[in-house]
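Each chain, letter by letter, is given below.
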Amino acid sequence: MPSQSLQPSENVSRFLIEGDIRAKDDSIRPGAFLPSASNLKVSVFRIYELSAESIWALAVEKVEPRRGPVIGRGDLSIEVIIENNLQVAPDRDSLSRHADIVGWPEDRNLRATIAKDLARLASPAKKRELSAN
Amino acid sequence: MSTLTAYPSFGAVSTKRSQGDNVTNAIEAKSSHFLTASELARRDEIDTILALPQQYQNANWNGEGAAPIPEAAIEEARIFLQKLPTTFPLPEVTPEPDGYLGLEWYANKSLLYVVSFDGKGALSCSGLIGPDRTYGTRYMDDGIPAEILRNIAKITP
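Just so we're clear, the structure is a prediction, and the values are computed from it rather than from any experiment. (Residues numbered from 1 in each chain as written. Chains lettered and ligands numbered in written order. Predicted model: local features only at pLDDT ≥ 70, side-chain atom pairs only at ≥ 80, totals over all residues.)

Here we take up the overall build of chain A. From N to C terminus, chain A includes 4 helices and 6 strands. Counting helices and strands in the order they occur from the N terminus, chain A gives β-β-α-α-β-α-β-β-α-β. Computed over the C-alpha atoms, the radius of gyration of chain A is 14 Å, within 12% of the 14 Å expected from 2.2 N^0.38 for a compact globule of 133 residues. C-alpha atoms of chain A, sized along the principal axes, occupy 45 × 40 × 25 Å. By the burial criterion, 38% of the 133 residues in chain A qualify as buried. (Helix = DSSP H or I, 4+ residues; strand = E, 2+ residues; numbered from the N terminus. Rg over C-alpha atoms; globule rule 2.2 N^0.38 Å. Buried ≥ 20, exposed ≤ 12 C-beta atoms within 10 Å, placed from the backbone.)

In structure tokens, the structure reads:
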């Protein structure tokens, strides 16, 4: 799996769990992009050169053990994250494909508003088709 | 032993009931006597939407270090909704990873408004109203601030 430096046009995926997607219109709830106050990070994965199947495999391997079933994802370009005055910090091991959205403001209300904007930009969610098996 | 906890902006909120139950029940029964059937139905609806699954009151409920939603936040949200004019629709309730309980009025992904409670008395408000962002901290003194009602009205038909 090749690694590459972050590109503004590159997409990252936020994997979504139960409650993160509105049934009404498949839009993403802002809470999916709101960081915990304890670490002010939102975990995402870099998906360059991955097929849809490989992206879901990443979710199964890296996210589901901690968070439970992944039901979908919201994709964002790094460019729009930067436009919101945030940064994307990739893990040192780029092969892990993991990164965090960091640089969140101190003001909780502003954080919540930015989370709404990111959720808007990443909507509608790409829903994962789970087999019955 | 007192069973009431004072919150700066929400007045006296009953959080536990023990020896004061009889008195509390009597007051509620008396006040309920003056509620119309539609007001009682509204209160039932409020109770229903605020009945959060227990998991949200545990730490790390999202697997990423989410803070638990405190009982006091739920009580603040209840008082807020009871003060909300009945001409306004009830919101969706959304637990938030930083330990706030959000009340969300949603029209579409670009038109939504959330009032969030953390059990400490402040209202954390944020929303997208078309191209505009709105956010800030507000407090309930005599009632719901007019600005909040205006913003909810922009979301709801």
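After that view of the structure, there is still more to cover.
Secondary structure assignment for chain B yields 4 helices and 7 strands. Mapped from its N terminus to its C terminus, chain B presents α and β elements in the order β-β-α-α-α-β-β-β-β-β-α. When each of the 157 residues of chain B is scored for burial, the buried share is 31%. Residue pairs in contact within chain B that sit at least 24 positions apart in sequence constitute 46% of those at least 6 positions apart. (Contact = placed C-beta atoms within 7 Å.)

Moving on: the sheet that holds strand β5 (residues 98-102) of chain A. Residues and elements named next belong to chain A. Across the sheet, 6 strands lie side by side as β4-β5-β2-β1-β3-β6; this open sheet has antiparallel pairing. Only two strands of the sheet have a single neighbouring strand rather than two, namely β4 (87-90) and β6 (126-127). Note that strand β3 (residues 70-77) and β6 share 2 bridges and pair antiparallel. Its bridge partner being in β6, Arg73 is matched across the sheet by Lys126. Across the sheet, helix α4 (residues 108-122) lies against β1 (11-17) and β3, angled at about 100° from β3, the strand it touches most. (Pairing = 2+ DSSP bridges. Axes fitted to C-alpha atoms, helices over the stretch in contact; angles between N-to-C directions.)

Moving on, we get to the environment of Arg108(A). Along the polypeptide, Arg108(A) turns up in helix α4. Distance in space between the C-alpha atoms of Arg108(A) and Asn11(A) is 26 Å, their sequence separation being 97 residues. With near-sequence residues (within four places) excluded, Arg108(A) lies in contact with Asp98(B) and Ser124(B).

Below, the discussion takes up the pairing of strand β7 (residues 132-139) of chain B. Residues and elements named next belong to chain B. Note that strand β6 (residues 122-129) and β7 share 8 bridges and pair antiparallel. For Leu123, the partnering residue across the bridge sits in β7 and is Arg138. Hairpin connection, β6 to β7: the antiparallel pair is bridged by 2 residues, and Gly130 has positive phi, about 65°.

You'll often see interface size given as the accessible area lost when the parts meet. Across the boundary between the two partners, chain A contributes 24 residues, which contact 24 residues of chain B. Every element with two or more residues in the side of chain A that touches chain B is listed here: α2 (64-67) and α4 of chain A. Per element, the largest residue contribution to the side of chain A that touches chain B is 9 residues, and it comes from α4(A). Here the side of chain A that touches chain B is composed, by residue class, of 7 nonpolar, 10 polar and 7 charged. (Nonpolar A, V, L, I, M, F, W, Y, C, P; charged D, E, K, R; others polar.)

Once that is clear, we can look at the sheet that holds strand β5 (residues 111-117) of chain B. Residue and element names in this part refer to chain B. Read from one edge to the other, the open sheet built from 5 strands follows the order β3-β4-β5-β6-β7, with strand pairing classed as antiparallel. Every interior strand has two partners, whereas the edge strands, β3 (92-95) and β7, have only one. Neighbour to neighbour, the strand axes of the sheet diverge by 20° on average, direction disregarded. The pairing of β5 with β6 spans 7 bridges and is classified as antiparallel. Directly across from Val115, in β6, lies its bridge partner Cys125. Contacts from helix α3 (residues 71-83) reach β4 (101-108) and β5, with the element oriented near 50° to β4.

Glancing now at the environment of Ala125(A). Residues and elements named next belong to chain A. Assignment of secondary structure puts Ala125 in the loop between α4 and β6. In this structure the C-alpha to C-alpha distance between Ala125 and Asp75, which are 50 residues apart in sequence, comes to 7.9 Å. Ignoring any residue separated from it by four or fewer positions in sequence, one finds Ala125 in contact with Leu16, Ile21, Asp26, Ile28, Gly72, Arg73 and Gly74.

The next thing to look at is helix α4 (residues 146-155) of chain B. All names here are of chain B. Listed in full, the buried residues belonging to α4 are Ile148, Ile152 and Ile155. End-on view of α4: buried residues confined to an arc of 55°, all on one side of the axis. Within α4, the exposed residues directed more than 90 degrees away from the buried face are Ala146, Glu147 and Arg150. Next to the buried residues of α4 lie β4, β5, β6 and β7. (Arc of directions from axis to C-beta.)

Cis peptide bonds are those with omega within 30 degrees of zero, and the linkage from Ser123(A) to Pro124(A) qualifies with 0°. Residue placement: Pro124(A) occurs in the loop between α4 and β6. Backbone geometry at Asp26(A) places phi at a positive 60°, although glycine is not the residue there. Here Asp26(A) is to be found in the loop between β1 and β2 (42-46). For Asp26(A), a count of 14 C-beta atoms within 10 Å corresponds to the partly exposed category. Of note in the backbone geometry, Asn60(B) takes a positive phi value of approximately 60° without being a glycine. Summarising the element assignment, Asn60(B) is placed in the loop between α2 (37-49) and α3. We classify Asn60(B) as partly exposed; it has 16 C-beta atoms within 10 Å.

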